[in-house]
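# Chains, contacts and geometry: an overview
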Amino acid sequence: MSDNGVLIILSGPSGSGKDTVLNRLVEADENVKVSVSMTTREKRDGEIDGIHYYFVSREYFEKKISENRMLEYAEYAKNYYGTPAEPVDEMLSRGKSVILKIEVQGAEKIRNRYDNVISIFLMPPSMRVLEERLRGRGSEDEETVQHRLFIAREEIRRAYEYDYVVFNDTVENAVNCIEAIITAERHKIDRNKNIISEVINNV
Ligand code: 5GP
């Protein structure tokens with residue numbers, strides 16, 4: 001019901017469970033959409049182009065940057081990741097809540113660009129659980145796992161920059177928390193001024 005959709009950043013280290021949580025959020029609420037990012041990293045088993053990411057070459061990604069078509073982008077673990085601008089603006093103007101699943105550098109850029117953005121940090125219950133999840137994927141070699149754990153520690157130190165922290169102890173708890181945050185944000189007065197004045201004018 002709010003005037004415009006809510007723009008939400010969801011960050012959390014690789015392996016914190018963002019994808020599982022996001023899938024559940026999207027299934028539960030047709031007004032919640034997740035932006036599909038573009039990346040230059042290799043596709044993992046089971047990932048589908050256009051659904052999990054747009055998998056592109058470095059040349060293609062750099063062309064999109066130079067054309068100013070990315071809302072933000074960052075280099076992470078030696079690959080580019082970024083948010084194509086157009087679909088996000090379009091979904092927001094249709095009143096959808098749009099979630100950007102991005103890392104901390106991208107989050108900072110989005111906060112500087114949009115006023116009303118809310119940011120949520122998805123926290124693994126412990127570093128041990130995070131390590132188990134990263135190894136459980138079985139898709140990355142030891143060097144990549146160690147590199148991602150190193151980055152994870154750096155990212156968790158930056159959780160203080162976020163508006164909310166959600167612990168992913170169980171998927172259900174994490175989903176319930178994020179749904180509660182989105183509902184509360186949608187009901188903020190600042191996001192509903194047009195609707196309120198319409199009601200007043202129709203009295
Ligand atoms: P993964 O390779 O595990 O899918 O993602 C690595 C990291 O890149 C994750 O922290 C993920 O949130 C982040 N990421 C995914 N898409 C984007 C994006 O569009 N922009 C930015 N800045 N980070 C992204």
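Since the model is a prediction, treat every value here as computed from it, not as a measurement.

## A word on the pattern of salt bridges
Under the defined criterion, the tally for this structure stands at 18 salt bridges. Between Asp-19 and Lys-101 there is a salt bridge, and its shortest N-O distance comes to 3.1 Å. Taken together, the positions of Asp-19 in helix α1 (residues 18-28) and Lys-101 in strand β7 (residues 97-101) put the pair 82 residues apart, joining distant regions of the chain. On the accessibility criterion, Asp-19 (40% relative accessible area) is partly exposed. Exposure remark for Lys-101: the relative accessible area of 15% places this residue in the buried category. Across the salt bridge formed by Glu-47 and Arg-44, the nearest N and O atoms sit 3.9 Å from each other.

## Digging into the site of the ligand
Around the ligand, a shell composed of 18 residues is seen, among which Ser-37, Arg-41, Tyr-53, Tyr-81 and Glu-103 lie nearest. In the model, an oxygen atom of the ligand is placed 3.2 Å from a nitrogen or oxygen of the Ser-14 side chain. One nitrogen or oxygen atom from the main chain of Gly-82 is found 2.9 Å from an oxygen atom belonging to the ligand. In isolation the ligand exposes 510 Å². Once the protein is present, 98% of that is buried. Put simply, the parts of the chain that give the shell around the ligand at least two residues each are β5 (70-76) and β6 (79-84). Each residue belonging to the shell around the ligand can be placed in one class, and the counts come to 5 nonpolar, 6 polar and 7 charged.

## Focus on the environment of Leu-134
Relative to the helices and strands, Leu-134 is located in helix α5 (residues 127-136). Relative accessible area serves as the criterion here: at 1%, Leu-134 is assigned to the buried category. With 33 residues separating them in the primary sequence, Leu-134 and Phe-167 have C-alpha atoms 17 Å apart. Once you skip the residues sitting within four places of it in the chain, Leu-134 turns out to touch Ser-14, Gly-15, Val-145, Arg-148 and Leu-149.

Thresholds applied
- Here, residues in each chain are numbered from 1, in the same order as that chain's written sequence.
- Confidence filtering applies because this is a predicted model: local features only for residues at pLDDT of at least 70, side-chain atom pairs given and counted only at 80 or more, and all residues used for totals across whole chains, interfaces and linings.
- Hydrogens and water are ignored here; the side-chain numbers use all heavy atoms of the structure.
- Between Lys or Arg on one side and Asp or Glu on the other, a salt bridge is scored when a side-chain nitrogen of the former is within 4 Å of a carboxyl oxygen of the latter.
- Starting at the N terminus, helices and strands are each numbered in turn, a helix being any DSSP run of H or I of at least four residues and a strand any DSSP run of E of at least two.
- Buried means the residue's accessible area, taken with a 1.4 Å probe over protein chains only, is under 20% of the maximum for its type, while exposed means over 50%, and partly exposed covers the values in between.
- The criterion for a residue being near a molecule or strand is simple. One of its heavy atoms has to lie within 4 Å of it.
- Any pair of N or O atoms that falls within 3.5 Å is considered a polar contact. Within protein, one atom must be able to donate a hydrogen and the other to accept it, and sequence-neighbouring residues count only if both atoms are side-chain atoms.
- In short, Shrake-Rupley with a 1.4 Å probe defines the accessible areas, and a residue's cover is counted only from the protein chains shown.
- The classification used treats Ala, Val, Leu, Ile, Met, Phe, Trp, Tyr, Cys and Pro as nonpolar, Asp, Glu, Lys and Arg as charged, and all other residues, Gly among them, as polar.
- By definition in these notes, contact holds between two residues if any of their heavy atoms fall within 4.5 Å.

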